[in-house]
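Results of the structural survey
Listed below are the residues making up each chain.
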Amino acid sequence: MPVMGGEPASLHELDKSGKSPDDCWKKCGYCGFLGHSPVMGSQVNVRAEKRESGANADIPNCGATLAYFSPGFTLNFNRRFAGFLFAQAPLYQHVNGQQRKPRYSVSAGLHYIF
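Notes on the structure in this doc start here. (Residues numbered from 1 in each chain as written. Predicted model: local features only at pLDDT ≥ 70, side-chain atom pairs only at ≥ 80, totals over all residues. Heavy atoms only, no water.)

Helix and strand counts for the protein come out as one helix and six strands. Tracing the protein from N to C terminus, the helices and strands come up as β-β-α-β-β-β-β. Expressed as a percentage of its 114 residues, the buried residues of the protein come to 17%. Taking contacts inside the protein between residues at least 6 apart in sequence as the whole, the part at least 24 apart equals 50%. Carbon and sulfur atoms make up 58% of the accessible area of the protein, which amounts to about 8700 Å² in all. (Helix = DSSP H or I, 4+ residues; strand = E, 2+ residues; numbered from the N terminus. Buried < 20%, exposed > 50% of the residue type's maximum accessible area, 1.4 Å probe, protein only. Contact = heavy atoms within 4.5 Å. Areas by Shrake-Rupley, 256 points an atom, 1.4 Å probe, with all protein chains shown as cover.)

Strand order across the open sheet formed by four strands is 3-4-5-6, with antiparallel pairing between neighbours. What marks the edges here is a single partner per strand, and that holds for strand 3 (38–49) and strand 6 (105–112). Within this sheet the neighbouring strands show an average axis-to-axis angle of 25°, counted without direction. For strand 4 (residues 64–76) and strand 5 (residues 81–95), the ladder comprises 11 bridges, and the chain directions are antiparallel. Counterpart to Gly72 in the pairing with strand 5 is Phe86. (Pairing = 2+ DSSP bridges. Axes fitted to C-alpha atoms, helices over the stretch in contact; angles between N-to-C directions.)

Right, let's get into the packing of aromatic side chains. Inspection of the entire model under this criterion finds four aromatic pairs. Taking the centre distance of 6.5 Å and the plane angle of 55° together, the rings of Phe81 and Tyr112 count as tilted. Of this pair, Phe81 sits in strand 5 while Tyr112 is found in strand 6, placing the two residues 31 residues apart along the sequence. With a relative accessible area of 29%, Phe81 lands in the partly exposed category. Look at Tyr112 and Phe114: their rings are 5.2 Å apart centre to centre, the planes differ by 75°, and that puts the pair in the edge-to-face class. Three or more aromatic residues joined by ring pairs form one cluster here, namely Phe77, Phe81, Tyr112 and Phe114. (Phe/Tyr/Trp six-rings, centres within 6.5 Å; stacked < 30°, edge-to-face > 60°.)

This is how it looks when you write it as structure tokens:
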């Protein structure tokens, strides 16, 4: 397939009606990368920590098993650059001894593909 500017030429070609494939996708309700539509998703994250060891370890108050549900979304600004926002709510938390347990957390960030 011929390539123009690093992308397949078919992405830039017009269909028989004179519209680009991107215009057709938007008309059908799909915006994808080029229309900046959010991609919804969710994750389940599990983390298990062993007790510390060594001379300065706080053995009674370390180690945990944690599971979180994380709904969120990613917003694609273009083919290489995107942002994301996820919240985490605990499903299961078991900590050893006296430790703080978060009620929720929020993660936000940016991606760039080189």
